[in-house]
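These are the residues of each chain, in order.
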Amino acid sequence: MAQDSAWVAVSEFVRNPGMVGSAVPASARMVRRMLAPLDWQRISILVEYGPGTGRFTFEALERMRRDAVLLAIETGERFVKTLRQRCDDRRLIVVQGTAQDVNRHLAEHGLGEADCILTGLPFSTLEPGDAEAIMRETVRAMSPCGTLAAYQMRTAIRPLLRRHFASLRESYEWRNIPPCHLYWATGKRQ
Ligand SMILES: C[S@@+](CC[C@H](N)C(=O)[O-])C[C@H]1O[C@@H](n2cnc3c(N)ncnc32)[C@H](O)[C@@H]1O
């Protein structure tokens, strides 16, 4: 990771630990494990919540079809600026905003339902009402066959995933700071 990205990650975490969740970007191994089960040929619209410095973003772009689109939604202004500066891939759209408005962001960019939504938002530190609202909007934004892929330090997201999806696969990655729970949820309940 470029030195300026590392500095942005640390300073944003110090400014807002609850929203950023971790000062250390995801490990290469965790990114690989999280993205491996996704069916990249079937993904034409990928949404990423909280790309931060772009650890998942760049790896996802490597795997995506040439005609696919990645809509990255990030609240942090400095993360947004850094990501836009570091990436000129035409498939990537970076918006400054909140995951709660995912449906508005998709519509504003003329995009339909997402085939996959990837999130590392710290659900354990979100207000319970915000977590529920983000999950509701997420389900609404996804295609019926879509996958919600989530990496989380804690398990607060699990009951939400069980409530909103018919099928949930879980794993755990030790080689990350901190170690993380990995989830892949499919079969959204309307
Ligand atoms: C744990 S960090 C993930 C960073 C990055 N994906 C990585 O692995 O290095 C969570 C990110 O979500 C962003 N964020 C927090 N709440 C958000 C929200 N409601 N909508 C969009 N982004 C949010 C934070 O600014 C931060 O960049």
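What you are looking at is a predicted structure, and each value in this text was computed from that prediction instead of being measured.

Remarks on the overall build of the protein chain
Argument step 1. Summing up its helical and strand segments, the protein chain has eight helices and seven strands in all.
Argument step 2. A compact globule built from 190 residues should have a C-alpha radius of gyration of about 16 Å, and the protein chain, at 15 Å, falls within 12% of that.
Argument step 3. Along the longest, intermediate and shortest principal axes, the C-alpha atoms of the protein chain span 40 × 35 × 30 Å.
Argument step 4. By residue count, 50% of the 190 residues in the protein chain fall in the buried class.
Argument step 5. A fraction of 68% describes how many contacts in the protein chain between residues 6 or more apart in sequence connect residues 24 or more apart.
Argument step 6. Summed over all atoms, the accessible surface of the protein chain reaches about 9400 Å², with 50% contributed by carbon and sulfur.
Argument step 7. The protein chain carries 26 positive and 21 negative side-chain charges, and their two centres are separated by 5 Å.

Here we look at the nonpolar core
In summary, soluble globular proteins display a tendency toward joint burial of nonpolar side chains.
Argument step 1. In this structure, Val47, Tyr49 and Leu161 are the most contacted members of the largest nonpolar core, which totals 30 residues.
Argument step 2. Apart from the residues within four sequence positions on either side, Leu161 is in contact with Met135, Leu148, Leu168, Tyr183 and Ala185.
Argument step 3. With 28 residues, the next largest nonpolar core counts Trp40, Phe56, Val80 and Cys87 among its residues.

A look at the packing of aromatic side chains
Argument step 1. Inspection of every chain in the model, using the stated rule, returns two aromatic pairs.
Argument step 2. Ring geometry for Tyr172 and Trp174: centres 4.9 Å apart, planes at 80 degrees, overall edge-to-face.
Argument step 3. In this structure Trp174 comes out as exposed when scored by relative accessible area, which is 64%.
Argument step 4. Over the aromatic face of Trp184 sits the side chain of Arg169, whose NZ or CZ is 4.7 Å from the ring centroid.

Some words on the sheet that holds strand β1 (residues 45-49)
Argument step 1. As summarised here, the arrangement of the seven strands in space is β3-β2-β1-β4-β5-β7-β6, forming an open sheet in which the pairing is mixed. Among the strands making up the open sheet, the edge pair consists of β3 (92-96) and β6 (165-173). With strand direction ignored, the average angle separating the axes of adjacent strands in the sheet is 15 degrees.
Argument step 2. Along the sheet, helix α7 (residues 128-141) makes contact with β1, β4 (114-119), β5 (142-152), β6 and β7 (180-188), crossing β5 at roughly 140 degrees.

Section: unusual backbone geometry
Argument step 1. Of note, the amide linkage connecting Ile177 to Pro178 takes the cis form, showing an omega dihedral of -10 degrees.
Argument step 2. Structurally, the position occupied by Pro178 is in the loop between β6 and β7.

Some words on the packing of helix α3 (residues 28-35) against helix α4 (residues 55-63)
Argument step 1. Contact geometry for α3 and α4: axes closest at 10 Å, N-to-C directions at 45 degrees. On the basis of the axis angle, α3 is oblique to α4. Like other packed secondary-structure pairs, α3 and α4 cross with a definite hand, here right-handed. On the side of α3, the interface is formed by Ala28, Met30, Val31, Arg32, Met34 and Leu35, while α4 contributes Arg55, Phe56, Glu59, Ala60 and Arg63.
Argument step 2. Among the residues making up the contact of α3 with α4, the classes are represented as seven nonpolar, no polar and four charged.

Quick notes on the pairing of β5
Argument step 1. Most of β5 is tucked away: nine of the 11 residues are buried.
Argument step 2. Taken together, β4, α7 and β5 constitute a β-α-β crossover, and its handedness is right-handed.

Let's talk about the UniProt feature "domain: Methyltransferase" (unreviewed entry) in the protein chain
Argument step 1. In this numbering, the UniProt entry assigns the feature "domain: Methyltransferase" (unreviewed entry) to residues 48-146.
Argument step 2. Structurally, residues 48-146 is divided into 40% helix and 24% strand, and its ends, taken at the C-alpha atoms, are 13 Å apart.

The rules we used
Residues numbered from 1 in each chain as written. Predicted model: local features only at pLDDT ≥ 70, side-chain atom pairs only at ≥ 80, totals over all residues. Heavy atoms only, no water. Helix = DSSP H or I, 4+ residues; strand = E, 2+ residues; numbered from the N terminus. Rg over C-alpha atoms; globule rule 2.2 N^0.38 Å. Buried < 20%, exposed > 50% of the residue type's maximum accessible area, 1.4 Å probe, protein only. Contact = heavy atoms within 4.5 Å. Areas by Shrake-Rupley, 256 points an atom, 1.4 Å probe, with all protein chains shown as cover. Lys, Arg positive; Asp, Glu negative; His and termini not counted. Charge placed at Lys NZ, Arg CZ, Asp CG, Glu CD. Core = buried A, V, L, I, M, F, W, Y, C linked by side-chain atoms within 4.5 Å. Phe/Tyr/Trp six-rings, centres within 6.5 Å; stacked < 30°, edge-to-face > 60°. Lys NZ or Arg CZ within 6 Å of the ring centre and 35° of its normal. Pairing = 2+ DSSP bridges. Axes fitted to C-alpha atoms, helices over the stretch in contact; angles between N-to-C directions. Parallel < 35°, antiparallel > 145°, perpendicular 65-115°, else oblique. Left-handed = near helix turned anticlockwise from the far one by under 90°. Nonpolar A, V, L, I, M, F, W, Y, C, P; charged D, E, K, R; others polar. Right-handed = clockwise from strand over helix to strand, strands pointing away. UniProt positions renumbered as here; feature names shortened; annotations may be inferred.

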